[in-house]
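Okay, here's what each chain looks like letter by letter:
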Amino acid sequence: MSGGQEAVFVISVAARLSGMHPQTLRIYERRGLVAPYRTQGGTRRYSQQDIERLLLIGELTSAGLNLEGVKMVIELQAELSALRQEQKRRRRQREVLAATAGRAAQLEAENERLRSKIRELDDRLGAVSGELEGLRRIYYQNLPDRGGPDNG
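What this report covers is the structure whose coordinates are included nearby. (Residues numbered from 1 in each chain as written. Predicted model: local features only at pLDDT ≥ 70, side-chain atom pairs only at ≥ 80, totals over all residues. Heavy atoms only, no water.)

## Observations regarding the side chain of Ser-18
- Looking at where Ser-18 falls in the secondary structure, it is placed in helix α1 (residues 11-18).
- A distance of 3.2 Å separates a polar atom in the side chain of Ser-18 from the backbone oxygen of Ala-15.
- Residues within four places of Ser-18 in sequence aside, it is in contact with Leu-25, Leu-54 and Leu-55. (Helix = DSSP H or I, 4+ residues; strand = E, 2+ residues; numbered from the N terminus. Polar contact = N/O pair within 3.5 Å; in protein donor to acceptor, adjacent residues only side chain to side chain. Contact = heavy atoms within 4.5 Å.)

## Structural notes on the packing of aromatic side chains
- Considering all chains together, one arrives at 1 aromatic pair under this definition.
- Pairing Tyr-139 with Tyr-140 gives two aromatic rings, centres 5.3 Å apart and planes at 70 degrees, and the pair type is edge-to-face. (Phe/Tyr/Trp six-rings, centres within 6.5 Å; stacked < 30°, edge-to-face > 60°.)

## Let's talk about the packing of helix α3 (residues 48-62) against helix α4 (residues 67-142)
- Packing of α3 against α4 brings their axes to within 10 Å, and their N-to-C directions diverge by 130 degrees. Judged on the interaxial angle alone, α4 and α3 are oblique. Regarding α3 and α4, the two cross each other, and that crossing is right-handed. Along its contact with α3, which presents Arg-53, Leu-56, Ile-57, Leu-60 and Thr-61, the element α4 presents Leu-67, Val-70, Val-73, Ile-74 and Gln-77. (Axes fitted to C-alpha atoms, helices over the stretch in contact; angles between N-to-C directions. Parallel < 35°, antiparallel > 145°, perpendicular 65-115°, else oblique. Left-handed = near helix turned anticlockwise from the far one by under 90°.)

## Things to note about the nonpolar core
- Formed by 17 residues in total, the largest nonpolar core has its most connected members in Leu-25, Tyr-28, Leu-33, Tyr-46, Leu-54 and Ile-57.
- Elements that contribute at least two residues to this core include exactly α1, α2 (22-30), α3 and α4.
- No other element matches the 5 residues that α3 contributes to this core.
- When near neighbours in sequence (up to four residues on either side) are disregarded, Tyr-46 contacts Glu-6, Ala-7, Val-8, Phe-9, Val-10, Ile-11, Ala-14, Leu-25, Pro-36, Ile-51 and Leu-54. (Core = buried A, V, L, I, M, F, W, Y, C linked by side-chain atoms within 4.5 Å. Buried < 20%, exposed > 50% of the residue type's maximum accessible area, 1.4 Å probe, protein only.)

## Some words on α1
- Buried within α1 are the following residues: Ile-11, Ala-14, Ala-15 and Ser-18. Taken around the axis of α1, the buried residues stretch over an arc of 100 degrees, which confines them to a single face.
- On its buried face, α1 sits against α2, β2 (44-45) and α3. (Arc of directions from axis to C-beta.)

## Comments concerning the side chain of Glu-29
- With respect to the element layout, Glu-29 can be found in helix α2.
- There is a polar contact of 2.4 Å between the side chain of Glu-29 and the side chain of Arg-44.
- In contact with Glu-29, not counting residues within four places along its chain, are Val-34, Pro-36, Arg-38 and Arg-44.

## Let's talk about α4
- The end-to-end C-alpha distance of α4 is 110 Å, a good match for the 112 Å that 76 residues give at a rise of 1.5 Å each.
- Taken as a whole, α4 has its buried residues at Leu-67, Gly-69, Val-70 and Ile-74.
- Lining the buried residues of α4 we find α2 and α3.
- Between the side-chain oxygen at the start of α4 and the backbone nitrogen of Glu-68 there is a gap of 3.2 Å, and the oxygen is on Asn-66. (Expected span 1.5 Å × (residues − 1).)

## Notes on a positive patch on the surface
- Taken together, the side chains of Arg-84, Lys-88, Arg-91, Arg-92 and Arg-94 present a region of like positive charge at the surface.
- The residue Arg-94 is located in helix α4 in this model. (Patch = residues over 30% accessible without salt bridge, like charges linked within 9 Å, V, L, I, M, F, W, Y side chains within 5 Å. Areas by Shrake-Rupley, 256 points an atom, 1.4 Å probe, with all protein chains shown as cover. Salt bridge = Lys/Arg side-chain N within 4 Å of Asp/Glu carboxyl O. Lys, Arg positive; Asp, Glu negative; His and termini not counted. Charge placed at Lys NZ, Arg CZ, Asp CG, Glu CD.)

## Description of the pattern of salt bridges
- Taken as a whole and judged by the stated rule, the model has 11 salt bridges.
- Arg-115 is the salt-bridge partner of Glu-112, the closest N and O atoms lying 3.0 Å from each other. Linking Glu-112 with Arg-115, this pair stays in helix α4, spanning 3 residues, or about one helical turn.
- Under the relative-accessibility criterion, Glu-112 is labelled partly exposed at 36%.
- The exposure class assigned to Arg-115 is partly exposed, which follows from its relative accessible area of 34%.

What follows is the structure in structure tokens.
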């Protein structure tokens with residue numbers, strides 16, 4: 001449970017902070033209720049999170065739960081915490097999806113506006129091309145004949 005950097009309390013200090021006997025902490029460790037960090041030399045180091053867990057164990061046993069019941073409560077709390085995190089993650093995903101859908105709708109509207117503008121410009125280009133073709137015909141019809149009898 002503890003990371004090495006945050007696990008600073010030796011067993012005697014952890015026992016005092018939790019109001020328990022050091023042997024009780026060893027029993028809880030064997031039962032899998034706490035897992036203090038171990039130094040390279042094997043010394044137990046407890047974190048603040050471990051102390052809080054020990055205090056919870058003390059409350060639950062004082063309320064009449066046996067250690068198996070305490071273990072179940074701790075596991076259920078961990079599961080509940082994981083579910084809450086998942087719920088938060090999914091809520092954020094829904095918010096992102098909603099924002100993305102809104103932005104997609106805006107982009108689609110802008111895309112349609114641009115398509116309409118392109119159609120309008122294509123129509124205008126067609127009209128200008130038609131006018132240009134008409135002007136070319138007029139121009140070429142009005143050109144003096146170069147290959148006539150006066151030129152040769």
